[in-house]
Amino acid sequence: MIFRIIFVALFLIAPISWGQSVNQKDTQGRKQGAWQKTYPKSRAFEYKGQFKDDKPVGTFYYYYVSTKKKAVIVHDEKTGRSSALMYHENGVLMAKGIFRNQEKDSVWEYYGPSGRLSTKETYSKGKLNGNQTVYYVFEDPSDKRVIVAKVTPYKMGVINGDVIEYFDTGVIKSKVTYINGKKEGVAVTNHPSGKVMITERFKGGIQHGWQSAHDQTGKETGKQYYRYGKRIEGKELESHLKQCKAKGINPNG
């Protein structure tokens, strides 16, 4: 008797829940209501969510083909802001950040499978705008140190400013200046001690001027000269340096 009552109750409820339509478009071809998608040749869901006038609203759930959680993105229909949490297949957080009008915005953080911070980036309107910071992720899982490996400054998707790399000791490994995405001026690569190992010069993104190498004591061990990306030597170099001197021009300029 109890089974019969439960069965009748389910039968009455079923048309409401099971009959709910999914993957519908309006007369203008816009996605409306509940949507879900499965992986090709699989019953596993790729995502589930809701659309309104072709735009995602509410909470979207994404899955790996293994059915494990891949991402959860919450869309705010009024502001166009979406908060995202993305996961490695082992369940550990892989990334978190904000979308605005479906483009990356503000600060994004990325984590390795062990859960340790690997990269931090700043976006504006879907483009890198601010520092991109990469961190060392050590092989030893018990090593929880947060040490910067590289900092790259961006301005609306283009590298602008000093790109600095670090040894895991915190000593500067290299420093290169970029202007509108091109190397400019003196670029330095250091020994682990922090003393200069290689000095390069650039103009408009190409090597120009003296390039030199140094040992741990600071002694110069070799040098080459480039003129607008072309290495010159011998008589051609002598002639060029004489002309620079006669005209009062810095050969590195």
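Remember, it's a predicted structure, so these values are computed and weren't measured experimentally.

Calculation notes
Numbering of residues starts from 1 in every chain and runs along the sequence as written. Side-chain atom pairs in this predicted model are given and counted only at pLDDT of 80 or more, local residue features only at pLDDT of at least 70, and totals for whole chains, interfaces and linings cover all residues. Just so you know, side-chain values use all the structure's heavy atoms and leave hydrogens and water out. Under the scheme used here, helices are H or I runs from DSSP no shorter than 4 residues and strands are E runs no shorter than 2 residues, and both carry numbers assigned from the N terminus. Atoms counted for the radius of gyration: C-alpha only. Globule rule: 2.2 Å times residue count to the power 0.38. Type-normalised accessible area, obtained with a 1.4 Å probe on protein chains alone, sets the label of each residue: buried when under 20%, exposed when over 50%, and partly exposed for intermediate values. Contact definition: two residues touch when any of their heavy atoms are within 4.5 Å. Areas reported here follow the Shrake-Rupley algorithm with a probe of radius 1.4 Å; residue values treat only the protein chains shown as occluding. In summary, the charge assignment counts Lys and Arg as positive and Asp and Glu as negative, without counting His or the chain termini. All charge positions are set by atom: Lys at NZ, Arg at CZ, Asp at CG, Glu at CD. In what follows, salt bridge is the name for a side-chain nitrogen of Lys or Arg lying within 4 Å of a carboxyl oxygen of Asp or Glu. Helices are assigned an expected span. That span is 1.5 Å times one less than the residue count. Directions are taken from the helix axis to each C-beta atom, and the arc is the one they span. For this analysis, a nonpolar core means a set of buried residues of the types Ala, Val, Leu, Ile, Met, Phe, Trp, Tyr and Cys, connected via side-chain atoms within 4.5 Å. Strands were regarded as paired on the criterion that DSSP finds at least two bridges between them. Under the pairing criterion, centres of Phe, Tyr and Trp rings, with the six-membered ring standing for Trp, must be within 6.5 Å; the plane angle then separates stacked pairs below 30 degrees from edge-to-face pairs above 60, leaving the rest tilted. Only Lys NZ and Arg CZ are tested; either one counts as a charge over a ring when it is within 6 Å of the ring centre and within 35 degrees of the ring normal. Think of pLDDT as the predictor's per-residue confidence, scored from 0 to 100.

Asks: Report on the overall build of the protein, specifying residues and quantitative values.
Replies: Along the protein, the regular secondary structure elements total two helices and 22 strands. Rg of the C-alpha trace for the protein: 29 Å, well past the compact-globule value of 18 Å for 253 residues, more than 25% over. Taken along its principal axes, the extent of the C-alpha atoms in the protein is 105 × 50 × 35 Å. Here the protein holds 253 residues, and the buried ones make up 29% of them. For the protein, restricting intrachain contacts to residue pairs at least 6 apart in sequence, the fraction spanning at least 24 positions comes to 11%. Total accessible area on the protein is roughly 16,500 Å²; 55% of this is exposed by carbon and sulfur atoms. Measuring between centres, the 42 positive side-chain charges of the protein sit 3 Å from its 24 negative side-chain charges.

Asks: Which residues make up the pattern of salt bridges, and what are the values?
Replies: Counting across every chain of the model gives eleven salt bridges. Of the charged contacts, one joins Arg-100 and Asp-105 as a salt bridge, the two residues approaching to 3.5 Å between their closest N and O atoms. With a relative accessible area of 32%, Arg-100 lands in the partly exposed category. Note that Glu-233 is salt-bridged to Arg-231, the shortest N-O span being 3.6 Å. Each of the salt bridges in this network shares a partner with another, and the network as a whole consists of Asp-26, Arg-30 and Asp-53.

Asks: Residue-level account of helix H2 (residues 234-247), with values.
Replies: Side chains that are three or four residues apart share a direction in an α-helix, a result of its 3.6 residues per turn. Given a rise of 1.5 Å per residue, 14 residues ought to cover 20 Å, and the 20 Å separating the end C-alpha atoms of H2 matches this to within 8%. For H2, the complete set of buried residues consists of Leu-237, His-240 and Cys-244. Taken end-on, H2 shows its buried residues confined to a sector of 65°, consistent with a single buried face. Exposed and oriented more than 90 degrees from the buried face of H2 are Lys-235, Lys-242, Lys-245 and Ala-246.

Asks: Break down the environment of Val-171 for me, with residues and values.
Replies: By the element assignment, Val-171 lies in the loop between strand S14 (161-166) and strand S15 (172-179). Residue classification places Val-171 among the partly exposed positions, given a relative accessible area of 25%. In this structure the C-alpha to C-alpha distance between Val-171 and Val-57, which are 114 residues apart in sequence, comes to 47 Å. Val-171 has contacts with Glu-165, Tyr-166, Pro-192, Ser-193 and Gly-194, leaving out every residue within four places of it along the chain.

Asks: Outline the nonpolar core, supporting the account with residue identities and numerical values.
Replies: If you look at the biggest cluster of nonpolar residues, it comprises nine residues: Ile-73, Ala-84, Ala-95, Phe-99, Trp-108, Tyr-110, Tyr-123, Leu-128 and Tyr-154. Within the residue set of this core, elements represented by two or more residues are strand S7 (93-100) and strand S8 (103-111). Ignoring anything within four residues of it in the chain, the contact list for Phe-99 reads Ile-73, Gly-80, Arg-81, Ser-82, Ala-84, Met-86, Lys-104, Asp-105 and Trp-108. In terms of nonpolar packing, the next biggest core, distinct from the first, is built from five residues, Val-163, Val-176, Tyr-178 and Phe-202 among them.

Asks: Provide a residue-level description of the pairing of S8, including the pertinent values.
Replies: The sheet contact formed by S7 and S8 spans five bridges and is antiparallel. Bridge pairing links Ile-98 to Asp-105 in S8. Counted between consecutive antiparallel strands, the loop separating S7 from S8 contains two residues, among which Asn-101 sits at a positive phi close to 55°. The sheet contact formed by S8 and strand S9 (residues 117-124) spans six bridges and is antiparallel. Of the residues in S9, the one forming a bridge with Ser-106 is Tyr-123. A loop of five residues connects S8 with S9, the two strands running antiparallel in sequence, and Gly-115 in this loop sits at a positive phi of about 95°.

Asks: Talk me through the packing of aromatic side chains; I want residue IDs and the actual numbers.
Replies: For the structure on display, the rule yields nine aromatic pairs. A connected cluster of aromatic rings, assembled from ring pairs, spans Trp-35, Tyr-47, Phe-51, Phe-60 and Tyr-62. Looking at Lys-69, its charged tip hangs above the ring of Tyr-87, at a distance of 4.3 Å from the centre. The ring of Trp-210 carries Lys-223 above its face, with NZ or CZ at 4.4 Å from the centroid.

Asks: Help me get a handle on the side chain of Thr-119, residues and values and all.
Replies: You can see Thr-119 is positioned in strand S9. Ignoring any residue separated from it by four or fewer positions in sequence, one finds Thr-119 in contact with Trp-108, Glu-109, Tyr-110, Gln-132, Thr-133, Val-134 and Tyr-135.

Asks: For the confidence of the model for the protein, give the residues involved together with the corresponding values.
Replies: The predicted coordinates should not be examined in detail at positions where pLDDT is low. Of all residues in the protein, 92% have pLDDT values of 70 or greater, and the mean over the chain is 91. Overall, residues 1-19 carries pLDDT values under 50, and its contacts beyond four positions in sequence, including any with other chains, amount to one contact.

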